[in-house]
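# Summary of the model geometry
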Amino acid sequence: MTGLLLDLTWHGLGYATMVTPGRQLRAAIGNGAAAPPELPFSPEVFCANLDRLGGGLLFIGDSLSRLHAVTLAAMLNGTETVSWKFSGDVISDKRQDRWDICEQRLKLGFVRNDLLAVTSADCKACNAIRSGRRRSHICEPWANSALLKDFSVFVLNSGAHTVNESWYESNIRNAAKYLVVEAPHSSLLLYRDTVPGHGGCEAHFHDDPLRNVSGAEAYVKGHPWYDGGGTSQTFKRRNELANQVFGGSGFQHLPTYGPTLMRLDSHISARDCLHYCVPGPSIVWCEMLHRQMSQAKAMN
């Protein structure tokens, strides 16, 4: 099999993209500071690490977390299965996804919850942010032992929707506390940085990465994108809070902010300068996750 055809839809914009495995994927990542880490991605090694860590992998977070999950599923030749329901909750279309990976032995999952809201009341308040829009459900329930039991590695992300800082901090603190207590024994807990979009991205689709983070932050300051509050400083502050909360709770960090901020290229279109096409920076996120899991295996 020479490739895996994915049919992706973001914000109503449908597109299909060919993702090829192994070295061909790595060749499309870019160069300079946005290059992948030293450990080459290997589906066999990734699956072996996941086996050693106890089971499946679950992403919980915003739509960029879904991009992370979809990219990883492609790199592992995963088979998408029917979205699941639990505890009587009705799951919105494409807000929870599951793939069979690693020769169908393990599960890869995604739950859409932009603010990592834990309780039903917090999920309802979160969804009210988008009330009246076509896609109003951005916080699906995830804090349920029936869901968590299939997974041993958890990757959390929050921040693409800018909200009151105290509310943001309260939600991520509650999420960290919940997973530390309720995740299966010896689980690996990680959180990923959130990165703003790049205004005017359509003019930079084929650009090389910018040279440094400060230059990328200056670009975003002059070319903001997304909900009017998505400046680099806003996102930096959110990431600092996440580092304090999750890092203080024993989570490991996927430092995607710098390498992704320098990538003006590969955004979907002038109508969507937040999400990326595949191949694109999300492959680097998967490389980072691969390295973290390998290091965790070595420590264990």
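Residues numbered from 1 in each chain as written. Predicted model: local features only at pLDDT ≥ 70, side-chain atom pairs only at ≥ 80, totals over all residues. Heavy atoms only, no water.

### Notes on the pairing of strand E11 (residues 272-276)
The cut-off we apply is this: Only protein chains enter the accessibility calculation, which uses a 1.4 Å probe. A residue is then buried if its area is under 20% of the maximum for its type, exposed if over 50%, and partly exposed in between. Numbering goes from the N terminus for both helices and strands, where a helix is a DSSP run of H or I of at least four residues and a strand is a run of E of at least two. Paired strands are those between which DSSP finds at least two bridges.
Taking burial as the measure, the five residues of E11 include five buried ones, the bulk of the element. Pairing geometry for strand E10 (residues 267-269) and E11, over two bridges, is antiparallel. Across the sheet, serine 269 pairs through a bridge with aspartate 272, a residue of E11. The hairpin turn running from E10 into E11, its antiparallel successor, is two residues long.

### Some remarks on the pairing of strand E8 (residues 188-192)
Among the five residues in E8, five count as buried, and that is most of the element. Covered by surrounding structure in E8 are Leu188, Leu190 and Arg192 together with Leu189 and Tyr191, the residues of both alternating faces. Note: strand E7 (residues 151-156) against E8, four bridges, orientation parallel. Bridge pairing links phenylalanine 154 to leucine 189 in E8.

### Brief notes about the side chain of serine 282
Spelled out, the test is: Any pair of residues with heavy atoms lying within 4.5 Å of one another is described as a contacting pair.
Residue placement: serine 282 occurs in helix H10 (residues 281-299). Sequence-distant contacts of serine 282, defined by excluding residues within four places in its chain, comprise Leu67, His68 and Thr71.

### Topic: the state of the cysteines
Here is the rule we go by: Our working definition of a disulfide is a cysteine sulfur pair at a distance within 2.5 Å.
Applying the stated criterion to the full structure yields three disulfides. Two residues share a disulfide in this structure: cysteine 201 and cysteine 273, whose sulfurs sit 2.0 Å from each other. Its S-S torsion of about -75° marks the bond between cysteine 201 and cysteine 273 as left-handed, since a negative value means left-handed. In this pair, cysteine 201 sits in the loop between E8 and helix H7 (213-222) while cysteine 273 sits in strand E11, placing the two residues 72 residues apart along the sequence. What makes cysteine 201 buried here is its relative accessible area of 2%. Relative accessible area serves as the criterion here: at 0%, cysteine 273 is assigned to the buried category. Of note for the protein: the bonded cysteines, numbered N- to C-terminal, pair according to 1-2, 3-4, 5-6.

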